[in-house]
Amino acid sequence: MTSNASPGAPLRRRDLLKLIGGVAGTTAMYQAMTALGLHAESRYRGPIALDGNPKGASVVVLGAGLAGLVAALELRKAGYTVRVLEYQDRAGGRCWTVRGGDRYTELGGFDQTCEFDRDLYLNPGPWRIPSHHFAVMDYCRRLGVGLEPFMQVNHNAYLHAKNAFGGVPQRYRHLRADFAGGVAELLAKATSQQQLDETLSAGDKELLLAALRNFGALDENYRYKAGRAASDRRGYAKDPGGGLTAEPVDSEPIPFRSILDSRVWQRLADGDSYYHHNAIFQPIGGMDMIARAFTREVGDVIRYGARVTDIKQSAAGVTVAYTDRASGVTSTASADWCVCTIPLSVLSQIAIDVATPMAKAINAVPYSPAFKVGLQFGRRFWEQDEHIYGGISYTDLPINQISYPSCGYGSAGKGVLLAGYTFGVHAYEFASLSPKERITKAVEYGAQIHPQYGAEFENGFSVAWHRVPWLLGCSGAWTDAMRAEHYEHLCAIDGRILLAGEHASYIPAWQEGAILSSLDAVERLHRRVIST
Amino acid sequence: MRNRLPIIRGLAAACCVGGMLYGGPALMAQSGDGTFSNPARFVPKDGERLYQSSCQACHMPAGEGAAGAAAYPALAKNRKLRTARYITSVVTNGQRAMPPFGPMLDDEQVAAVVNYVRSHFGNDYTDAVTAAEVKAVRR
């Protein structure tokens, strides 16, 4: 890389970084960036550079989810001989998209065939990519995966609670503005009544009052009430128009007390979660576009339909026994090293030749439940009738949330809603039902928010992660105590075996965790290889 | 004000259609008895309904278990159930990838579902577990 800073001109920060990157490599550039206060958010250091000759070393990668795909791509690029064994007939693992015509048999033999229209889909696993997930973002860029904005927060979507506001869903913009207004008004009152004098100087008080007026859209008397300021936040009863009868009519805020009582404030901050901040993205056409892009790179080394049954190691190498799922024939794959990305829910049932600390770690992590259901409707009524374009409505019904598609806005055809995405007890309850009963329930619950469900529902598809035959759960449910006891052992190199995956990360269930875990494993493996 | 459609149309009809479309005769019916009501704790008190809203997600409607890349053990005719304390501890505290159900069930509910499994699906153990015994295995 060349610097475009001319001799004598002051060096701009970007040029300095380019210079450092060119001379000392990306790791040094990253360290410099960190020193300059940039890129502190992620552990991703840019494309890894596995310098040094692996001298013909071979690696068998177990599992072709994102962790396995990243390991295969990077190790092969560095000169290793790589083979991947995958249980399914496709790569990607939880990076998965279901489309019309897809057939899926869950544990217990329950079949579903997706009947979605062309171009409509459900991402049963990961479905959004925060912009601070630098590793996923960078692989998308490098592999040419197109991204589009994921509408996380939509002020026109709903918050709903079955026992609040008569069961009538409320617009997020109303609750958001009115809750902020109510809080600001209360605090302004306390400030004006000298109740905060112990903590605030006279100057602070003045500043705080000004800030509260701005924060809560308060009027000149520090009251939050119907008027232009409040309507500017929550919207009008009658929007400003043009021509005659164009004058706006202010809307009436919901009383603060009602919002407090409703408990819907529990969901007000969902979009404020670091993992949900704007900007946030989704791959155009479905999450599995990432898996497909990786497969274009390394698909030729993936052995599909291979169920791993035994992982043995010696001083000389690793031998993995696997059964071809179609023929039942058992074979072995041998290599110098093994990067095992098999989820712990499955790995804990496979004979693996590792020392006690890693074996204990493999057995220590329970897998959390999650449930998703997609429903197809004859028309995009959420857009046409309710002016909701993307985003999420939250409810205390068992479906937990309804997400509107962040693509195809305004199209005249059918649409698919993520009509339920839930965890905990409700996820077990949904998983316990047959696929047909889940759809019935999802329609029944969703109709309490969108009455159009009745007339427009066409078909549905659900994934209960504990019934997914190749996963038996959603993701590793670590606690701090478990991490303290087992995490380092799980991530250590045991002889010739390393583990990787979201379960070997501090970002469980996110693709970023799987990729960062894999990159970390691959780097440590490579250092070991070139130093011996 | 929220912009609602003026007419609530035939939801019940749609649900019925959904109910008729799927499933095969070979598959055991699964109960959807409307236990959905609390996101953090299971509501039913009796063992059968608890089984049908939690255990059967993995161990299947007749306790037959299931196998894919890994397996859920069958609870039907399972000799490991002979030791009441063992199965009580597994349900309460979890085991390997199986999550602990103790945080989502009270002692009476754990006892009820353990006693149900130990006396159904070809299991015939008569020494019932008590809530006090559940409490004793909680970690």
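These numbers come from a predicted model, not from an experiment. (Residues numbered from 1 in each chain as written. Chains lettered and ligands numbered in written order. Predicted model: local features only at pLDDT ≥ 70, side-chain atom pairs only at ≥ 80, totals over all residues. Heavy atoms only, no water.)

### Observations concerning the domain arrangement of chain A
Many authors give the size of an interface as the accessible area that is lost as the parts come together. Residue and element names in this part refer to chain A. By the assigned domains, chain A splits into domain 1 (11–35 + 156–276), domain 2 (58–93 + 287–367 + 472–531) and domain 3 (98–126 + 368–467). On a C-alpha basis, the centres of domain 2 and domain 3 stand 31 Å from each other. Contacts between the two partners involve 12 residues from domain 2, matched on the other side by 9 residues from domain 3. Of the roughly 870 Å² buried between domain 2 and domain 3, counting both surfaces, carbon and sulfur atoms make up 48%. (Domains from an automatic or database assignment. Contact = heavy atoms within 4.5 Å. Buried area = accessible area lost by both parts, 1.4 Å probe.)

### Brief notes about the sheet that holds strand 17 (residues 351–352) of chain A
Residue and element names in this part refer to chain A. Taken in spatial order, the 4 strands of this open sheet run 15-14-13-17, and their pairing is mixed. Looking at strand neighbours, the two that pair on one side only are strand 15 (330–335) and strand 17, the edges of this open sheet. Note: strand 13 (residues 306–313) against strand 17, 2 bridges, orientation parallel. In the sheet register, I311 faces strand 17, and the bridge partner there is I352. (Pairing = 2+ DSSP bridges. Helix = DSSP H or I, 4+ residues; strand = E, 2+ residues; numbered from the N terminus.)

### So, the environment of A:Y275
In this fold, A:Y275 is placed in the loop between helix 8 (256–262) and strand 11 (280–283). With residues near it in sequence (within four places) discarded, A:Y275 still touches A:P130, A:H132, A:H133, A:I280, A:I507 and A:W510.

### Notes on the packing of aromatic side chains
All names here are of chain A. Tallied over the entire structure, the rule returns 31 aromatic pairs over all chains. Centroid distance W127 to Y421: 5.7 Å. Interplanar angle 85 degrees. Geometry classified as edge-to-face. You can see W127 sitting in the loop between strand 6 (121–122) and strand 7 (129–130) and its partner Y421 sitting in strand 22 (residues 415–423), a full 294 residues away along the chain. Residue W127 shares its accessibility class with Y421, and that shared class is buried. With 5.4 Å between their ring centres and 40 degrees between their planes, Y139 and F294 make a pair best called tilted. With Y139 in helix 4 (residues 134–143) and F294 in helix 9 (residues 288–298), this residue pair connects regions lying 155 residues apart in the sequence. F294 shares its class with Y139; the two are buried. Taken together, the aromatic side chains of F377, F381, W382, Y404, Y453 and F457 make up a single cluster linked through ring pairs. Here K372 stacks its cationic end above the ring of Y421, 4.6 Å away from the centre of that ring. When the ring centre of Y506 is taken as origin, the NZ or CZ atom of R483, which lies over that ring, is 3.9 Å away. (Phe/Tyr/Trp six-rings, centres within 6.5 Å; stacked < 30°, edge-to-face > 60°. Buried < 20%, exposed > 50% of the residue type's maximum accessible area, 1.4 Å probe, protein only. Lys NZ or Arg CZ within 6 Å of the ring centre and 35° of its normal.)

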